[in-house]
Amino acid sequence: MALLGCRNISRSFGAVKALTNVSLSIEEGEVHGLVGENGAGKSTLIKIMSGTLLPTHGQLVWKDQDVILRSAAKAQQLGVETVFQELTLIPDWTVADNLVIARGIPAHGRRQSFARVYDEAKALLARFQLERIDPYQRVVDLPLPDRQMLEIVKAISGKPKLVILDEATSALLEPQVEWLFGHIRALKAQGVSVLFSSHRWSEIAGISDRISILRNGEYVDTVQSDSVDEAKVTALMTGKELNLVFPTKVDPVDDVRLSVRNLRSMRLHDISLEIRRGEVLGVGGLQGQGQLELFLSLFGALPYSGQITVDGRPVHIGRPLDAINAGIGIGLIPEDRKTEGLFLSRPILENISLPKLRRFSKDGFLQLRKERAEVQKAADLLAVKAPSVDVEVGHLSGGNQQKVMLSRWVLAGADLLLLYDVTRGVDVGTKQEIYQLIAKRAQAGAAILFYSSDTSEVVNMAHRVAVMFDYRIRSIVEGDAITMENIVGLSIGSQAEVRYETSG
Amino acid sequence: MVQWWNRMARVDQNIAMSYVMVVVLIFVGALISVGFASPSHLATLLTISSFLGIVAAGQTLVILTGGIDLSVPYLLNASAVFFTGFAARLILGHDALDFLVVLAISVGFGVVNGVGVTVFNIPPLIMTLGMNSVIEGIVLVVTQGTPQGSVPAIASAIVNNTVVGIPIILVVWAGLAVLIALILTRTSLGRYIYAAGTSVKASYLTGVPIRTAFIAVYAASGLFAGLAGIFLTGFSGNSYLGMGNAYLLPSIAAVIIGGASLLGGQGKYWGTIAGAITLTVLITILQVLNISQALQDIFYGVVIFLALLFYGRQANARG
């Protein structure tokens, strides 16, 4: 019997459709894999199933009965426990408080003594083979993988009927993933269902009975996991054949466009790197290891110390205006294009020409015809799809908005591009176009720093990859060594293990 | 017709609506009082509107950046008082020179507002409210409570004389309107103003000189309030304490009725002009109907609520 089903679930955020007409069901006692690219709607679907988001249309069905999950508490009453991508433990509380008190004050209202909470937590940790974690330790002092494991313990220690794991393994190391799988199998043996989402195919294939695929917010298919392979599922996820996705890499020129020596900021340690003309330098690592700070520092939006050399000339970039101007020629595609990059209520034209208005100024006035002609040229070069450049940018799709951002920097003559998660929230077709455009810019002599939350993009786009960990560059990987396994391994691998052992 | 309307940008719809409002109100006035729509009375209505329209020009620019200028009452008052005072004591000895010096002082006050807002990050509401109080204090000290002096000929001439039958002040107003439109649509500064008003964060990351834009709009607000103060002395024949107070709320209301967004980034001065005329005609009608000051104030407030409500609705329907 189906435990939890979705019937024609849709969810929009304003004009953006995150989910469209998704129907799938999770059977009792099955491990159900959920896959899709970034922006495919996995997180939205999981939020709806866990009661933290209401669907705009459609119905959830719990054991053949229609239900409306108005809150996470309501879902928990039914027996749905969720481990979210973002950690929900309270950082300043101890492990014991988080595990025991956060589960609710006992109905009989008796005060919980410290000792009782401690004992309960200790017993719980022992049940999950985590005796090495001290219940009195504050959560904030634990390494990320431990926190993630506690989160999992918290979710499955009750008596759940359905456990939802949203990218729960992204912060875990290999042995810890095995630990989790052990517990998932135990849950399954007790008839508990598990919904499991991950970016790693090996995990999905290793634990799931069935796999559901989402693409661009739409349900594609549910398949038996032993009947498919990675290529098949990736094709279903992207709507394309696996090997058609990325442009071929062309060797860069030798001229070093940007060189960074011992860059430090509030949190960054000793970053040194260089990018040559024609080169795409990928930035890898788990999210939040300093990638954002690096991009903002190089663009002058965060104070830094250290030496930055552009075309062999030492420069100081005190603010974004410096980065854009004065022969430095840096352009940033920021993390959130809607609030940090674009002016949604202004036309495409103004959005593109804004950083380089000086070029169109004559005797204090803008030469509108010249401006329009050059903006149109840049927009055409980047294949911006819009009826005219007078359309408000807010009316464009995510991918087209990103192309407007790229057009802006092409027009500004920026040939040192800092691309921070440039394909986030962009549909698959446009993603491919953007890959081609980036490759083309590189071949035209641009130097590109490329970060993506989708590691496969970094692997396939970059000539070299700087893997960041704890606000440092841990390693720069080149050539054939750029593989998914290497980058992911370095993101969380051996050194993390050392850290984790010493602090555990 | 409907299609043509739908194709217009939201801001332009709002501006068109505010001009429709002007025509409707004048029609209503003509029904109530014979001669309301006569050319000479219309010229008088426009002349009275021009003071508000000029003050609201600065307010428009400030609101376009997402700010607000609450110091316009004493920006206006200070320039009026200084202008007549200079003339009486003949400190500078030349009307035109007085005119420029007084405007320079007004711009200076505006620059202080801009620096406070953008360099010291003081919220515009607080900065300009404080500045209003500071300028009031300065005016009190300088005048010792009683403004003195006479109105120089240049001011009365601008308000009372005509060229080819049109009051000079209306020609000046039209000139200012064209100037502002040119700045907003044809200069880098105009683009920066809209950009900063739409998103300060995005502006910063796009290399927009935000500080320059902010200081420029507050300085412009000082300039326009100062101009209005000088013209107003020509209209009223003297200067007195509190003569700017009646312009605070209306200057903001005119901008809103003219279709600009209080959040910044959306609006045009053409709308504000309609807003200023609307408010002036409305008040005149209320006066013609002999409605008490108290009721007039209530009515005024309600009109502003309605304008905000109406435009707010449209924004929601779109967003």
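Residues numbered from 1 in each chain as written. Chains lettered and ligands numbered in written order. Predicted model: local features only at pLDDT ≥ 70, side-chain atom pairs only at ≥ 80, totals over all residues. Heavy atoms only, no water.

1. As for the overall build of chain B
Move 1: What chain B contains, in helices and strands, is 14 helices and 2 strands.
Move 2: The C-alpha radius of gyration computed for chain B amounts to 19 Å, which stays within 12% of the reference 20 Å derived for 319 residues, consistent with globular compactness.
Move 3: With respect to the principal axes defined by its C-alpha atoms, chain B has extents near 60 × 55 × 40 Å.
Move 4: Taking all contacts inside chain B whose residues are at least 6 apart in sequence as the whole, residues at least 24 apart take part in 77%. (Helix = DSSP H or I, 4+ residues; strand = E, 2+ residues; numbered from the N terminus. Rg over C-alpha atoms; globule rule 2.2 N^0.38 Å. Contact = heavy atoms within 4.5 Å.)

2. A few points about a nonpolar patch on the surface
Move 1: Taken together, B:Val20, B:Val24, B:Phe27, B:Val28, B:Leu31, B:Ile32, B:Val288 and B:Leu289 make up a surface patch of nonpolar side chains, about 710 Å² in accessible area.
Move 2: Of the residues forming the nonpolar patch, the biggest block, 6 residues, is contributed by helix 2 (residues 10–32) of chain B. (Patch = residues over 30% accessible without salt bridge, like charges linked within 9 Å, V, L, I, M, F, W, Y side chains within 5 Å. Areas by Shrake-Rupley, 256 points an atom, 1.4 Å probe, with all protein chains shown as cover. Salt bridge = Lys/Arg side-chain N within 4 Å of Asp/Glu carboxyl O.)

3. Description of the packing of aromatic side chains
Move 1: One pass over the full model with this rule turns up 7 aromatic pairs over all chains.
Move 2: With a centroid separation of 5.3 Å and an interplanar angle of 85 degrees, the aromatic rings of A:Phe295 and A:Tyr420 are classed as edge-to-face. Highlighted residues: A:Phe295 in helix 9 (residues 291–298) and A:Tyr420 in strand 19 (residues 416–420), separated in sequence by 125 residues. Residues A:Phe295 and A:Tyr420 agree in their burial class; the two are buried.
Move 3: Aromatic pair A:Phe299 and A:Trp409: ring centres 6.1 Å apart, planes at 75 degrees, arrangement edge-to-face. Of this pair, A:Phe299 sits in the loop between helix 9 and strand 14 (305–310) while A:Trp409 sits in helix 14 (residues 398–411), and the two are 110 residues apart along the sequence.
Move 4: Classification of A:Phe299 by relative accessible area gives buried; the value is 0%.
Move 5: Overall, the relative accessible area of 0% leaves A:Trp409 in the buried class.
Move 6: For A:Arg346, the ring lying beneath its charged end belongs to B:Tyr194, and the centroid distance is 4.0 Å.
Move 7: Geometry around A:Phe469 places A:Arg474 over its ring, the cationic atom sitting 4.4 Å from the centre. (Phe/Tyr/Trp six-rings, centres within 6.5 Å; stacked < 30°, edge-to-face > 60°. Buried < 20%, exposed > 50% of the residue type's maximum accessible area, 1.4 Å probe, protein only. Lys NZ or Arg CZ within 6 Å of the ring centre and 35° of its normal.)

4. Some thoughts on the interface of chain A and chain B
Move 1: On the chain B side, the residues contacting the 32 residues of chain A number 22 residues.
Move 2: Roughly 2,200 Å² of surface becomes buried between chain A and chain B when both sides are summed, with 61% attributable to carbon and sulfur atoms.
Move 3: By the criterion of area lost to chain B, the three top residues of chain A are A:Glu340, A:Phe343 and A:Arg346, representing 24% of everything that side buries.
Move 4: There are 3 salt bridges connecting chain A and chain B.
Move 5: The salt bridge partner of A:Glu371 is B:Arg191, with a shortest N-O separation of 2.6 Å.
Move 6: At the boundary of chain A with chain B, the tally comes to 7 residue pairs in polar contact (both at pLDDT 80 or more).
Move 7: Those elements that place two or more of their residues in the side of chain A that touches chain B are helix 10 (320–324), helix 11 (337–341), helix 12 (348–353), strand 18 (365–366), helix 13 (368–381) and helix 14 of chain A.
Move 8: Across the side of chain A that touches chain B, the residue classes break down as 18 nonpolar, 8 polar and 6 charged. (Buried area = accessible area lost by both parts, 1.4 Å probe. Polar contact = N/O pair within 3.5 Å; in protein donor to acceptor, adjacent residues only side chain to side chain. Nonpolar A, V, L, I, M, F, W, Y, C, P; charged D, E, K, R; others polar.)

5. Let's talk about the nonpolar core
Move 1: Residues A:Ile308 and B:Phe231 are the most contacted members of the largest nonpolar core, which totals 174 residues.
Move 2: At 13 residues, helix 11 (residues 210–236) of chain B tops the list of elements feeding residues into this core.
Move 3: In this structure B:Phe231 touches B:Phe51, B:Ile54, B:Phe99, B:Ile158, B:Val159, B:Ile169 and B:Val172, once residues within four positions along its chain are discounted.
Move 4: In terms of nonpolar packing, the next biggest core, distinct from the first, is built from 46 residues, A:Leu99, A:Val153, A:Leu187 and A:Val228 among them. (Core = buried A, V, L, I, M, F, W, Y, C linked by side-chain atoms within 4.5 Å.)

6. Section: the sheet that holds strand 19 of chain A
Each strand in a sheet pairs with its neighbour through backbone hydrogen bonds, running either in the same direction (parallel) or in the opposite one (antiparallel).
All names here are of chain A.
Move 1: Spatial strand order, 16-19-20-13-21-22: 6 strands in an open sheet with mixed pairing. For this open sheet the edge positions go to strand 16 (330–333) and strand 22 (472–478), each flanked by a neighbour on one side alone. If you compare each strand with its neighbour and ignore which way they point, the axes differ by 20 degrees on average.
Move 2: One ladder, built from 4 bridges, connects strand 13 (residues 280–284) with strand 20 (residues 447–451); its direction is parallel. Directly across from Val280, in strand 20, lies its bridge partner Ile448.
Move 3: Those strands touched by helix 14 are strand 16 and strand 19, and its axis lies near 170 degrees from that of strand 16.
Move 4: Across the face of the sheet, helix 17 (residues 484–492) comes into contact with strand 21 (464–469) and strand 22 while running at roughly 165 degrees to strand 22. (Pairing = 2+ DSSP bridges. Axes fitted to C-alpha atoms, helices over the stretch in contact; angles between N-to-C directions.)

7. What to know about the pairing of strand 19 of chain A
All names here are of chain A.
Move 1: Across the 5 residues of strand 19, 5 count as buried, placing the element largely inside the fold.
Move 2: Judged by which residues are buried, strand 19 turns out to be covered on both faces: Leu416, Leu418 and Tyr420 on one side and Leu417 and Leu419 on the other are all buried.
Move 3: Bridge count between strand 16 and strand 19: 4 bridges; the pairing is parallel. Residue pairing across strands places Ile333 opposite Leu419, the latter belonging to strand 19.

8. Comments concerning the sheet that holds strand 15 (residues 313–315) of chain A
Residues and elements named next belong to chain A.
Move 1: Across the sheet, 4 strands lie side by side as 12-11-14-15; this open sheet has antiparallel pairing. The open sheet has two edge strands with one neighbour each: strand 12 (271–276) and strand 15. Across the sheet, the axes of successive neighbouring strands diverge by a mean angle of 15 degrees, strand direction being ignored.

9. Thoughts on the domain arrangement of chain A
Move 1: Per the domain assignment, the segments making up chain A are domain 1 (2–238) and domain 2 (256–501).
Move 2: For domain 1 of chain A versus domain 2 of chain A, the distance between C-alpha centres works out to 34 Å. (Domains from an automatic or database assignment.)

10. Topic: the pattern of salt bridges
All names here are of chain A.
Move 1: The final tally for this structure, using the stated rule, is 26 salt bridges over all chains.
Move 2: Note that Glu274 and Arg261 form a salt bridge whose closest N and O atoms lie 3.4 Å from each other. Here Glu274 is found in strand 12, whereas its partner Arg261 is found in strand 11 (residues 256–264), with 13 residues between them in sequence.
Move 3: Taking the relative accessible area as the measure of exposure, Glu274 reaches 31% and is therefore partly exposed.
Move 4: Across the pair Arg319 and Asp322 runs a salt bridge, and its minimum N-O distance is 3.4 Å.
Move 5: Judged by relative accessible area, Asp322 falls into the partly exposed class, the value being 24%.

11. Observations regarding the environment of A:Thr339
Move 1: Tracing the sequence through the fold places A:Thr339 in helix 11.
Move 2: Not counting the four nearest positions on each side in its chain, A:Thr339 is found in contact with B:Ser199, B:Lys201 and B:Ala202.

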